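A look at the structure
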Amino acid sequence: MQIDDVAVQASVAKLKERAGGGLPAIAVLLGSGWGGLAQRVEGAAVVDYAELPAFPLLGVGGHAGRLLVGRVGATPVIVLAGRKHAYETGDAAAMKGAIRTLAAAGVRTLVQTNAAGSLHASLGPGDVMLLADHLNLAQRSPLVGDTGNSRFVDLADAYDPLLRQRALATAEALGRPLREGIYAWVLGPQFETPAEVRMLQRLGADAVGMSTVPETILARHAGLHVLALSLITNMACGLADGRLGHEQTLSVAAQAGGRAVDLLAAILAELPA
């Protein structure tokens, strides 16, 4: 997906116009189960993705496709309600325009959220996992087609250590200790086979999902710091009885999303502005 500077700058201008001036330095990208945070944004200026030339149109249930600029508690934030997934068109750069718009607008921290499947019995539906690292098993990059040396992005600290420490401390203070883990990105949209689940376990992954990694790569390329959280909505194939489906993901997300959003709001309050 090729995004030109004209589309990015037009998107920034629209956001500033609707927000009435300057924009926050923290952005939150909401995945399935995390949509309740949008309802907590106070004084929100709301902009549909369709109004922003660099943003994609969405086509997955649970992803609203709108952006809010306001405050969660005392923390100024930009909240992106929904993402476009690579499995929709095969394009790993589907969110390139959105991430580059955030960077051009002055955002310095991107907080990502997603729904994921657990690969371990100790991490069950309703739990939240803090991403410590990821496995790009799809082996696709949103930077394909870019030029120059900056495309060779160092991902040693893809998920910012300082932000992770603050998130862990916040969760501990709330009596909700977070487990850190490795997130495996697979393209989807089909779920994994039992053999693939065993492979992921042997590779050291703790949870598996169909998003987040392309946006992390884009954010790091743009110089943003990244924090990411997974809401566990199911056990991976072969680890529990029953059949998997997107309806199950949305159902568990609806039940557990409130507590996850409470935690997210508390973490946002402790992030450096």
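See the structure printed just above.
Here goes a summary of the coordinates provided.

Conventions and cut-offs
- Residues numbered from 1 in each chain as written.
- Predicted model: local features only at pLDDT ≥ 70, side-chain atom pairs only at ≥ 80, totals over all residues.
- Heavy atoms only, no water.
- Pairing = 2+ DSSP bridges.
- Helix = DSSP H or I, 4+ residues; strand = E, 2+ residues; numbered from the N terminus.
- Right-handed = clockwise from strand over helix to strand, strands pointing away.
- Axes fitted to C-alpha atoms, helices over the stretch in contact; angles between N-to-C directions.
- Parallel < 35°, antiparallel > 145°, perpendicular 65-115°, else oblique.
- Left-handed = near helix turned anticlockwise from the far one by under 90°.
- Contact = heavy atoms within 4.5 Å.
- Nonpolar A, V, L, I, M, F, W, Y, C, P; charged D, E, K, R; others polar.
- Patch = residues over 30% accessible without salt bridge, like charges linked within 9 Å, V, L, I, M, F, W, Y side chains within 5 Å.
- Areas by Shrake-Rupley, 256 points an atom, 1.4 Å probe, with all protein chains shown as cover.
- Salt bridge = Lys/Arg side-chain N within 4 Å of Asp/Glu carboxyl O.
- Buried < 20%, exposed > 50% of the residue type's maximum accessible area, 1.4 Å probe, protein only.
- 1 Å grid on protein atoms, 1.4 Å probe; cavity = no way out; pocket = protein on both sides within 12 Å on 5 of 7 lines; lining within 4 Å.
- Points joined across faces, edges and corners; volume = space filled by probe spheres on them.
- Core = buried A, V, L, I, M, F, W, Y, C linked by side-chain atoms within 4.5 Å.

Describing the pairing of strand β7 (residues 179–185)
In this sheet, β7 lies alongside strand β6 (residues 128–136) in parallel orientation, the contact comprising 7 bridges. Paired with Leu135 across the two strands is Ala184, which belongs to β7. Inspection of the sheet shows β7 paired to strand β8 (residues 207–209) by 3 bridges, in the parallel sense. Note that in β8 the partner of Ala184 across the bridge is Val208. In the classification by handedness, the crossover that spans β7, the intervening helix α5 (residues 194–202) and the parallel β8 is right-handed.

Considering the packing of helix α1 (residues 5–19) against helix α3 (residues 96–104)
Where α1 contacts α3, the axes come no closer than 9 Å and their chain directions differ by 60 degrees. It follows that α1 is oblique to α3 by the angle criterion. As for the relative orientation of α1 and α3, their crossing is right-handed in sense. On α3, the residues that touch Val8, Gln9, Ser11, Val12 and Leu15 of α1 are Gly97, Arg100, Thr101 and Ala104. Here the residues of the contact of α1 with α3 are counted per class, giving 4 nonpolar, 4 polar and 1 charged.

Examining a nonpolar patch on the surface
Together, Leu137, Met199 and Leu203 line one region of the surface with nonpolar side chains, adding up to about 250 Å² of accessible area. Positionally, Met199 belongs in helix α5.

Here's the deal with unusual backbone geometry
For the peptide bond that leads from Gly188 to Pro189, omega is 5 degrees, which places it in the cis range. Looking at the secondary structure, you find Pro189 in the loop between β7 and α5. Within the chain, Gln139 stands out as a residue other than glycine whose phi angle is a positive 50 degrees. Taking relative accessible area as the criterion, Gln139 reaches 67% and is therefore assigned exposed. Notably, Thr212 is not glycine yet its phi reads approximately 80 degrees, a positive angle. Tracing the chain through its elements places Thr212 in the loop between β8 and α6 (213–221). What makes Thr212 buried here is its relative accessible area of 0%.

Side note on the pattern of salt bridges
Should their charged atoms come close, side chains of opposite charge can pair. Tallying each qualifying case throughout the model produces 10 salt bridges. In this structure, Glu88 and Lys84 form a salt bridge, with 3.3 Å as the shortest nitrogen-oxygen distance. Judged by its relative accessible area of 16%, Lys84 is buried. When salt bridges that share partners are traced, they join Lys96, Arg100 and Asp146 into one network.

Overview of empty space enclosed by the protein
One pass over the full model with this rule turns up 1 cavity of 30 Å³ or more. Approximately 50 Å³ is the volume attributed to the largest cavity. Lining the largest cavity are 13 residues; nearest its centre among them are Lys84, His85, Ala86, Pro214 and Glu215. Across the lining of the largest cavity, the residue classes break down as 6 nonpolar, 3 polar and 4 charged.

Considering the nonpolar core
Within the largest apolar cluster, 45 residues are counted, with the highest numbers of intra-cluster contacts made by Leu67, Ile78, Leu80, Ile99, Leu102 and Leu110. Dropping the residues within four chain positions of it, Ile78 is found in contact with Leu23, Pro24, Ile26, Ala27, Val28, Leu67, Leu68, Val69, Leu102 and Val107. Leu37, Val79, Val111 and Leu229 belong to the second-largest nonpolar core, a separate cluster that totals 29 residues.

Coordinates in, geometry out; function isn't part of it.
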